[in-house]
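One-letter residues, chain by chain:
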Amino acid sequence: MYNEDIFNSSTIEGMLAAPGRKWHRYPPDVIPLWIADPDFPTAPGIRKVIQQAIDDEDFLYSDNTKVRNILAEKIATKNGLQVSKDEVILTNGVEPALWLALKYSCKPGDEVVITDPSYNEFKKIIEASDCKVKYWKLDFKNRYKHDSEELKKIITNKTKLIINCNPSNPTGRVLNSEELKGLADIAIDKKITVVSDELWEDILFDDRKHITLASLNPEISDQTITAWGFSKTWGVAGLQSGYCTSTNKDIISELKKIGTGIIQGVNNIALRAIPVMVDRHSDYWKRDMMKHLHYIRDLCYKRFEEMGSVEAPELQGTYLMFPKFNYGLKSIELEKMFLEQGKVALSPGTNFGPNGEYHMRIQIGTSEEIIGEGLNRIESCLKTLKK
Ligand SMILES: Cc1ncc(COP(=O)(O)O)c(C=O)c1O
């Protein structure tokens, strides 16, 4: 089977028989398009090394030097940041890196900038540290362009951190160099630390290129912490593995200090899988997945257009669509209708900020069979509204 077919092979029956929260949160007659987990098989190279780890009984305290070396090399070649293994911190996914950045830069009462809309966990992490969310409003009509003039307006002397998310969950925007430069110039001018969440760096449409914020110039590099992970490209969220870095050695030393006793690196199974996931011999898997995702994205565009009052902005990156439903129903009402009447689970847009009102986030990293069934159910619900 050619790999594009592998990405199109998931069935409802097969997914219901497999583990994972996504397909088991709701009753089995619901199509789950809510959480950002894909329905793709695990790459054979990953399965092989994990099985080998079990055969080797690789369960003692480990040495992660080799993996940090490999990641430092990846960061230099792919992201354009010159760091050594000692400046690479392994984390249990991307979220602990965001937490570290917050603890490093803020004290209770300080302000943290996130876009509206943005990934829902950002707000939770900020508020759990008794800091204040400052929303950088993005305009849907302007395809969620990051307008630095808007950013300038919300910065105060209490703003200590900006969270940059590129490619962006849930808007699917990939920031261009002009937008990144706008953000960087303000952060440098106002001396604000930036944490750049680049987890989705591989999921890019239409030959777009990912630009790492910190690679723009030495000034922004010096005040930025960049975080990456594996969960989205490889469908391995359960391995809970990620990493972060900064070219600023003082920042790295502080992050290590803050994380002592808490940030323990990643487990031995992930240490086996990481070299496979960053190896260029695995690039074929990403390439074939993107071919399939282009097909599914275009199918979704077509179906949304046929539905009538659904506006789906161009998806530039991620496998998350964020269409607006112009039916006068709020996101929460739409969620209820789709779930109870249509038996399809989507994430309400307001989970991602007030500006997500009337939108729903739809995870499209699946087969044509599953997304087709989900879209049929969405369409059936919308037809009842028109009557
Ligand atoms: C932008 C973004 N950051 C972080 C995460 C969480 O990633 P991880 O599971 O690697 O912590 C997600 C998950 O969807 C995400 O979309």
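Numbering of residues starts from 1 in every chain and runs along the sequence as written. Side-chain atom pairs in this predicted model are given and counted only at pLDDT of 80 or more, local residue features only at pLDDT of at least 70, and totals for whole chains, interfaces and linings cover all residues.

In an α-helix there are 3.6 residues to a turn, and that puts residues three or four apart on one side. Any residue whose C-beta has 12 or fewer other C-beta atoms within 10 Å is treated as exposed, any with 20 or more as buried, and any in between as partly exposed, C-beta atoms being built from the backbone. Helix numbering and strand numbering both begin at the N terminus, where a helix is a DSSP run of H or I of at least 4 residues and a strand a DSSP run of E of at least 2. Within helix α12 (residues 268-278), eight of the eleven residues are buried, leaving the element largely enclosed by the surrounding structure. Within the span of α12, buried status applies to I269, A270, L271, R272, A273, I274, V276 and M277. Whether two residues are in contact depends on their C-beta atoms, placed from the backbone: they are in contact if these lie within 7 Å. On its buried face, α12 is in contact with α3 (44-55), α4 (65-79) and α10 (231-234).

This paragraph deals with the sheet that holds strand β10 (residues 320-321). Pairing between two strands is assigned when DSSP locates at least 2 bridges connecting them. Taken together, three strands build an open sheet; the order of strands is β10-β14-β13 and the sheet is antiparallel. At either margin of the open sheet sits one strand with a lone partner, and together these are β10 and β13 (347-348). As paired elements, β13 and strand β14 (residues 360-363) share two bridges and run antiparallel to each other. Each residue of the ladder has a partner; that of S347, found in β14, is R361.

Bringing the site of the ligand into the picture now. For each residue, a C-beta position is placed from the backbone atoms; the residue is near a molecule or strand when that point lies within 6 Å of it. Around the ligand sit 13 residues, and of these A36, G93, V94, N169 and G229 come closest. Here the shell around the ligand is built from residues that sort into six nonpolar, five polar and two charged. The residue classification treats Ala, Val, Leu, Ile, Met, Phe, Trp, Tyr, Cys and Pro as nonpolar and Asp, Glu, Lys and Arg as charged. All others, Gly included, are polar.

A few words now on the nonpolar core. Counting 103 residues, the largest nonpolar core has L98, A101, L102, V112, I163 and A273 as its most contacted members. Taken domain by domain, this core gets at least three of its residues from each of domain 1 (3-42 + 283-386) and domain 2 (53-281). Apart from the residues lying within four places of it in its own chain, the contact partners of L102 are V112, I125, I126, S129, C131 and L161. Note on definitions: a nonpolar core is a set of buried residues drawn from Ala, Val, Leu, Ile, Met, Phe, Trp, Tyr and Cys, linked by C-beta atoms within 7 Å. For the domain bounds, the source is a domain assignment made automatically or taken from a database.

Further remarks concern helix α11 (residues 249-259). Inspection of α11 places I251, I252 and L255 among the buried residues, and these make up the whole buried set. An end-on view of α11 places all buried positions within 100 degrees of arc, on one side of the element. Turned more than 90 degrees off the buried face of α11, the exposed positions are D250 and K257. Considering only its buried residues, α11 is in contact with β2 (88-91), α5 (95-105) and β7 (224-229). Of the residues trailing α11, G261 is marked for its positive phi of about 85 degrees. It is the directions from the helix axis to the C-beta atoms that the arc portrays.

Splitting the protein by domain gives domain 1 (3-42 + 283-386) and domain 2 (53-281). Taking only C-alpha atoms into account, the centre of domain 1 sits 26 Å from that of domain 2. Domain 1 puts 28 residues into the contact, and the matching count from domain 2 is 30 residues. Contributing elements (two or more residues each) for the side of domain 1 that touches domain 2: α13 (283-307) and β10. Here the side of domain 1 that touches domain 2 takes four residues from α13, the largest share from any one element. Considered class by class, the residues forming the side of domain 1 that touches domain 2 number eleven nonpolar, ten polar and seven charged.

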